[in-house]
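Take a look at the letters that make up each chain.
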Amino acid sequence: MSSELRYTANTQLEHLHARYTGTGHADLTKYEWLTHQHRDTLSSIVGHPTLTSYLAIADGEAIGRVKFEMCERMLQPCGPPPAKDD
Amino acid sequence: MHLYNLTLQPPTAITQAIVGNFSGARQQEIIVARGTRLELLRPDVQTGKVSTVIASDVFGSIRSLTAFRLTGGTKDYAIVGSDSGRIVILDYDPKTSSFVKIHQETYGKSGARRIIPGQYIAADPKGRSVMIAAMEKAKLVYILNRDAAANLTISSPLEAHKNNSIIHHIVGLDVGFENPTFAALEVDYSEADQDPTGEAFNNAEKLLTYYELDLGLNHVVRKWSEPTDPRANLLVQVPGGQLASSDRYDGPSGVLVCCEDHIIYRHMDAPQHRVPIPRRRHPLEDKERGLLITSAVMHKMKGAFFFLLQSEEGDLYKVTIEHDEQDVRALKIKYFDTVPVASSLCILKSGFLFVAAEFGNHHLYQFQKLGDDDNEPEFSSTMYPNFGMDTPTIALPPAYFRPRGLDNLTLVDELESLDAIVDAKVVNLLPNSDSPQIFAACGRGGRSTLRMLRHGLDVEEVVSSDLPGIPNAVWTTKLKEDDPHDSYIILSFVNGTLVLSIGETIEEVQDTGFLSSSPTLAVQQLGTSALLQVHPHGIRHVLSDRRVNEWRVPQGKTIVCATTNRRQVVVALSSAELVYFELDLEGQLNEYQERKAMGSTVLAMSVGEVPEGRQRTPFLAVGCEDQTVRIISLDPESTLETISLQALTSPPSSICIADMLDAGINKIQPTMFVNIGLQNGVLLRTVLDPINGQLTDTRTRFLGTRPIKLIRVQVQRNPGILALSSRSWLNYTHQNLMHFTPLIFENLDYAWSFSAELCPEGLIGISGSVLRIFQIPKLGTKLKQDSIPLSYTPRKMIPHPSNGYFYIIEGDHRVMGEEAKQKKLEELTRQGKKIDEEMLNLPPEVFGRPKAPAGTWASGIHIVSPVDAKTINFVPLDNNESAFSIAVVPFAAQGGELTLVVGTAQDTFLAPRSCTSGFLRTYRFVDDGRGLELLHKTETNDVPLAVMAFQGRLIAGVGKALRLYDIGKKKLLRKVENKNFGCAIVTLNTQGSRILVGDMQESVYYAVYKAPENRLLVFADDSQPRWVTATTMVDYFTVAAGDRFGNVFVNRLDAKVSDQVDEDPTGAGILHEKGLLMGAPHKTQMLAHFHVGDIVTSITKVALVAGGREVLLYTGLHGTIGILVPFVSKEDVDFISTLEQHMRTEQISLVGRDHLAWRGYYVPVKAVVDGDLCETFARLPASKQSSIANELDRTVGEVLKKLEQLRVTASGF
C-alpha cells in the first residue's frame, strides 16, 4: 500500500479495488484468487505474440483461433464458483 | 563471465501489417510489426517486388498497430500499441528515412497486462480520434487534431471503461462526420463469477457496444449495446457516412460481426443480416468443428466497397453488401481464393494483396479480377428467412464450396520468413566451407521446410559461357559518357585481347581501335566519347571517330600497373617510375612533364572517380613492393608529391579508392575509403582525410587464402567494391550503412560491372575459362536460404554422425495420419458415400490438411540430405502415434552399432498432457541410413519428451522420470530410474557421467550416474522455476538455457561441489545429503540473464569463424538468430557497458519502452550487454555520437571500430 493511502486506506480501498481489477484483499477466497491468476495468465498469453505462436504450433490451430479460445476462457477459467455456505 | 548479445538475423514473422501513404507521396507503403521490430516495406508497382525501406528495433513488444490520417490530410501516421504502457504516434520521415515519434502519451504500467490498454487499437476512419483498449475493462479514447501550424495534436485520454468485461475486439465505426463512434465486442463476467450453478456462465451474453465520443461535450458515452452471437470473435468496419459533395451515402455504416460459422451485419436500429461461412466440401471434414474468420480487410473503391475475409483454413471470401443508401438489402458471401493463413491482410490501391502469413513466407499477390462473374456459388442473406436472423441461436444450413487453385490472384513476390524455427542445428556439412551452416526446421503443417542458412549474398546467374582460353581480366565499357548501358566486353589473355560487343547477342568485333595482339592492363571510357586501352607497351587513346593516339613506353621498359578514371590516367613502369596523364578541356590526353621515381616496384595503384563537377581527383594511392602504401598528390600545385605513407604487414596485391556513404562516419557525404588488399589475404580499409590526405581509422579483415583483387563496381547506382580472394566479397552501402558480405558463388578470378538492357545492375566475372554474368537480387540480406519442403510440422531433428543426413521427426496435432485417413475413407465407402478424390488430393502446402478432433496426430520420420537439398525417405508412424524426441545411440551392448531411438506417444492430448501409452521405437539404419528398420517398441507410461545417448546406452526423460535403458532382443531394458523431477523432462545434455536435465517448469537439474551402485542421483538444481525450452552445456559446470518467456540465462555449478560429487564413488554422500529449499542439496548460480523477446528454441555452442572463438548461437521461434559472445577482457566489458549505458539514456525505443526494463522483463538483466542497442550508435546524429565518444575518452571512429570488430571476430557477419 503506498504511503498516500496509509491514512485514507479504509475509505478509498474499495475504490482502488474497483480501479485495479485483480488486486487481492484480506477476504479473497481461493477461487477468486485462482480465477484472477488464470485471467492474468490468459491475457498475458494473448498479449505476447511469441506465446500465441508457440501454443498454435503445439496445438495445430491457427493463431487467430488460439487467441479467440484464450479470450473465451477468460470468462470462466476455473469453472463455476463454489456454492456459498450461508 | 560477461556476454555480448548480437542479433544476426532479426525476427522474420509479421504479427501485424498496415497499409497507408506513410511517406506522404502518392505511393502506398506497408508498415509491418515483426514482434519487436517495425519495418516499412515498399512494393514496387511495376515489378511487384517488395523491398524493405527501413527497419528499426523498437526494444519492446508491439501488440497493435493502426494507420491514421487526419481529416483532409494526405499522409498517414502509424499509431502503435505496445507493452510500454504508452500510446505512440509515429511519422515516417522520408528525408532522413526514419520513424519519428511525434507523440508518446503514458497511460499505465508497462508489461502486457490484463487491464492496461495496448492490446487493441482502433482509429476513427475520418481521422478525429483513436481508441486503445486492454484485454479487460480499460478503453481510452484520444482526440487527435491539428494545431495552427498543421501539427498533429493529441488530447488527454477519455475513459470508456466497463468493469468486469472482457474485450474481444474493437473497431472504429464509419459514421461520416457525425460524432466518432467505436464498436466493441465485450463479455461481462460479473454474474458468471457469482453463480455457482453455472447457469449465468451458460447465459453470458456477448455484447456489441457502441461508444460515442461526443466532441461537443468532450465525453464518451455508451450509446448502444445489444447481445450478439456468443461465438463472435472479430468486427469489421462497414463504410458509411455521407459524401460532402453529394447527398449519397458511402455505405450503410455499422459492422460485420464475424462469428463461428456465420457473418452477421449489424448496425444500430437496422435489421440484421446473417450468412453462413461456406465450408470446404471435403470427405474428411469434421462436421462438428466450427469455422472462424481470423483476418479481414475492407477495401473501398470509387462508389463501391468489398471485404475479403479469411478463414482459419486460409480460404478468402469476398463479402459484399447490397445497399440502398443507408438500408442494407443483402449480405453476400462467396469463395474467392486460397492463400496462406494470414496474421494481416493488406489491399493496396495499385491492385496488390499483401498476405503477412502467420507462419512461413509472406506473399504479395496481384488482383487479376475481383471474382465478379464466375461460377462460384454465392450465398446471400436474402436466401434465408428474415435475412438469416429468424432464429439467431440456431445455425443456418451449412454452405459449401470447392477449393481450387488461384483464380482471382497471382503470386508476384515472396518475402522469405524463417518464422517458427522449431529446432536448429549448427554444423559444417558442406565441402570446402570453413564456417558452419545453420540448419533450421521451420514452419508449420504442409508449409514446413528445412532451411540451410549460409552467411552470404545470394547470386543469380544470368548467363555463363565457355571461352577459348583462360583470360586474366575482364572489363566492360560504354562508348560514350551518357550511354545507359555497356557496349563492349574486353577480355585480356596472356598474349592478346578480345573485344566482344553487347547487343542482341554477344559477339566478337574487330575494328574497335583496341590492340588485340597484346594483353590489356586497363580499359576506360575517357572524356565524353573516347576509349582508352593500357597495354604493357603503351597507351591507346581511341577517339570517337576511331582515330588512335598512341603513347609508347620508352625502349626497354614496360607498363606494370595502371589506374584510370574518366579524366586521369596513371601508369607505373617497370623502372619503378610513375607517369601521369590528364585529359585537358580539348579532350587531349597530356603527359605531366615529370615522372616520379618510387624507388621500389609498384604492385598496385588506384585513383578514385572524378567527383561531380570537378576536373580531377586529387589523390593517388600507390602500393609498392617494400610493403608500403603511399598517397600521392595529383593536385596541380603539388603534382606527384608524396603526402602520406602507411606501412603494411605484407606486400599489397591490389588497391581501390572508392567514395562510399557510411552513415556511421558521415551521414551526408560519401567518405573516401582506401581499400588495400594484401597478398596474404588480409584487407585493410582506411579512411582518407580529404583535407590533408592522411590515412586514418584502419580496419582489417581476413578474406581468404589467396592474394586479394579489388574492383570498383556499381551496386544500386552507388559505388561498391568487389573483393576477390578464395571467396568473393561485396562491400556496398545499403540503407545508408556499409555492408561487407561474401557472395555465395563460384570463386572468381576477376570481375567487373556489367550493364545491359536485360540485366541493368549486373556483374561480369571470370572463373577459370568460364565467363559468367550474374546479379545480386537481395541486397541487404546476410543469410542465404536453401529450403527443402517437409510434410508435417517439424518437432526435432538430429544429424547422423557419419553420412550427413538429417533425421527429422514431424508431427501435426489435429491432423489425420495416412493410416487413419484410409480407414475413414473405407468406412465412408462402406456407407455408400461417394469420395471426392480431387478434394482428397489437394496439395497440403497450399490448402493445409482437414482439421480433425484433438488427440488425432499425423507423424513420421523424415530423412533428408541437406547438402543435396533432397528428401531421402519418409517413414510414417501408425496407430495415431506422434514422435516427440529422437536420438542416435551407439549401444555398447551391440558393439557400438548406431541405432535410432524415437520417443513417441499414442493418442496424445496436450492440456492436460496425457496419452494411452508412450513408446520408445528402436530403429536400425539400413541401406547406409537411407532407410529405417523397426527393431522393437518399448512401452512407457508417459510421453518420452527427451532421449539421448549416454555411455553406450539410452537415457530417456519420460514425464517426471529419468530412465536409463539398455538394448535387448525384444525391448529396451530399463536399468535405473529416478522419478523425482518437477513436471516433465524436456531436454537432456551430458558430459562424462554428468547429466543435465531440463524440466518443463523447474529449470535445469544436475544429475550424475554412479555406475558402481547403478544410481541416478540429482545433486544440484536451480533456485528459481524456469520453463525451459532449450539447453546446452557451455562447459562441465555451466549450462546455457532459454525459457518460454523469451529469456536466455547461464547457470553455473560451484567447482567445489562438482569435485565433491565426482570424488564420491558410490553416490552415497549425495543420497544422504539434506535437501535445500525442498530441492537438491546444492544450487546453481545464475551468471547471466537476458530477455531476447523471442522464445529460444535451440542453443548451440559453436565457432562461427574459422579459428575464431566459440559463441552461443540461439534461434528464436519468430525467426531470430542471435549470438552471445563472451568478452575477452575486462577493458572491453567496461567500455561496452558504459557505451550501453549512454545509449540507454538516448531513449531510442520507438514504442517508448524503457530499455533496461525490456531486457530485464522477468528477471533483471545480468552480465549481458545488448549489442543491438550499442550498434544503433552508428545511426545517432553526429553531435550525439561525438558527445558519447567524448565521455568514453575515445573518438567516434574508435567506438565504431570496436563495435565492428566485436561483430566480425565473433560472427564474421
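Conventions adopted
- Residues numbered from 1 in each chain as written.
- Chains lettered and ligands numbered in written order.
- Predicted model: local features only at pLDDT ≥ 70, side-chain atom pairs only at ≥ 80, totals over all residues.
- Heavy atoms only, no water.
- Axes fitted to C-alpha atoms, helices over the stretch in contact; angles between N-to-C directions.
- Helix = DSSP H or I, 4+ residues; strand = E, 2+ residues; numbered from the N terminus.
- Parallel < 35°, antiparallel > 145°, perpendicular 65-115°, else oblique.
- Contact = heavy atoms within 4.5 Å.
- Buried < 20%, exposed > 50% of the residue type's maximum accessible area, 1.4 Å probe, protein only.
- Polar contact = N/O pair within 3.5 Å; in protein donor to acceptor, adjacent residues only side chain to side chain.
- Pairing = 2+ DSSP bridges.
- Phe/Tyr/Trp six-rings, centres within 6.5 Å; stacked < 30°, edge-to-face > 60°.
- Lys NZ or Arg CZ within 6 Å of the ring centre and 35° of its normal.
- Core = buried A, V, L, I, M, F, W, Y, C linked by side-chain atoms within 4.5 Å.
- Salt bridge = Lys/Arg side-chain N within 4 Å of Asp/Glu carboxyl O.
- Nonpolar A, V, L, I, M, F, W, Y, C, P; charged D, E, K, R; others polar.
- Expected span 1.5 Å × (residues − 1).

**Some points on the packing of helix α2 (residues 30-47) of chain A against helix α3 (residues 49-59) of chain A**
Packed helices, taken two at a time, are described by the angle their axes make and the gap between the axes.
Residue and element names in this part refer to chain A.
1) Next: Interhelical geometry of α2 versus α3 gives an angle of 95° and a closest axis separation of 5 Å. By the angle class used here, α2 and α3 are roughly perpendicular. Note on element contacts: α3 touches α2 through P49, L51, T52 and L55, opposite I45, V46 and G47.

**What about the environment of Y400(B)?**
Residue and element names in this part refer to chain B.
1) Next: Note that Y400 resides in strand β32 (residues 400-401).
2) Next: Here Y400 falls in the buried class, since its relative accessible area comes to 16%.
3) Next: Apart from the residues within four sequence positions on either side, Y400 is in contact with R279, R280, R281, E285, K287, P377 and F379.
4) Next: Engagement of the side chain of Y400 in a polar contact is seen with the side chain of E285, the distance being 2.8 Å.

**Quick notes on the sheet that holds strand β77 (residues 953-958) of chain B**
Across a sheet, strands are paired by hydrogen bonds formed along the backbone, either parallel or antiparallel in direction.
Residues and elements named next belong to chain B.
1) Next: In spatial order, the strands read β76-β77-β78-β79; together these four strands make up an open sheet with antiparallel pairing. Taken across any chain shown, the strands that pair with only one partner, and hence form the sheet edges, are β76 (944-950) and β79 (972-978). The average angle at which neighbouring strand axes cross in this sheet is 25°, direction not considered.
2) Next: Pairing of β76 with β77 involves six bridges; the strand directions are antiparallel. Of the residues in β77, the one forming a bridge with A946 is G957.

**Structural notes on the packing of aromatic side chains**
1) Next: Using the criterion set out here, one finds 25 aromatic pairs over all chains in the structure.
2) Next: Taking 6.5 Å as the distance between ring centres and 55° as the angle between the ring planes, the aromatic pair formed by Y580(B) and Y592(B) counts as tilted. On the criterion of sequence distance, the pair formed by Y580(B) in strand β49 (residues 577-583) and Y592(B) in the loop between β50 (589-591) and β51 (596-597) is long-range, its members being 12 residues apart.
3) Next: A cation over a ring is seen here: R39(A) above Y189(B), with NZ or CZ 3.6 Å from the ring centre.

**Regarding the side chain of S84(B)**
Residues and elements named next belong to chain B.
1) Next: Mapping S84 onto the fold places it in the loop between β7 (77-82) and β8 (86-93).
2) Next: Among the polar contacts listed, one links the side chain of S84 to the backbone oxygen of V1151, at a separation of 2.7 Å.
3) Next: Every residue in contact with S84, bar those within four places of it in the chain, is listed here: G108, K109, S110, V1151, G1152 and R1153.

**Considerations on the nonpolar core**
Residue and element names in this part refer to chain B.
1) Next: Counting residues in each nonpolar core, the largest one holds 46 residues, and the members touching the most others are Y4, L1113, I1121, I1123, I1136, L1139 and F1177.
2) Next: Excluding residues within four positions of it along the chain, L1139 makes contact with C1174, F1177, I1188, L1192, V1199 and L1203.
3) Next: L531, Y732, L748 and I766 belong to the second-largest nonpolar core, a separate cluster that totals 41 residues.

**Side note on the interface of chain A and chain B**
1) Next: Taken residue by residue, the interface counts 42 residues in chain A and 62 residues in chain B.
2) Next: In this assembly, chain A and chain B are joined by 10 salt bridges.
3) Next: With a closest N to O distance of 2.7 Å, R114(B) and D40(A) form a salt bridge.
4) Next: Here chain A is connected to chain B by 20 residue pairs in polar contact (both at pLDDT 80 or more).
5) Next: Contributions of two or more residues to the side of chain A that touches chain B are made by α1 (9-19), α2, α3 and α4 (63-73) of chain A.
6) Next: Here the residues of the side of chain A that touches chain B are counted per class, giving 20 nonpolar, 13 polar and nine charged.

**Quick word on α2(A)**
The periodicity of an α-helix, 3.6 residues per turn, causes residues three or four positions apart to be oriented the same way.
1) Next: The end-to-end C-alpha distance of α2(A) is 26 Å, a good match for the 26 Å that 18 residues give at a rise of 1.5 Å each.
2) Next: Turning to α2(A), its buried residues are Y31(A), T35(A), H36(A), R39(A), L42(A), S43(A), I45(A), V46(A) and G47(A).
3) Next: Buried residues in α2(A) make contact with α3 and α4 of chain A together with β6 (62-68) and α1 (190-194) of chain B.

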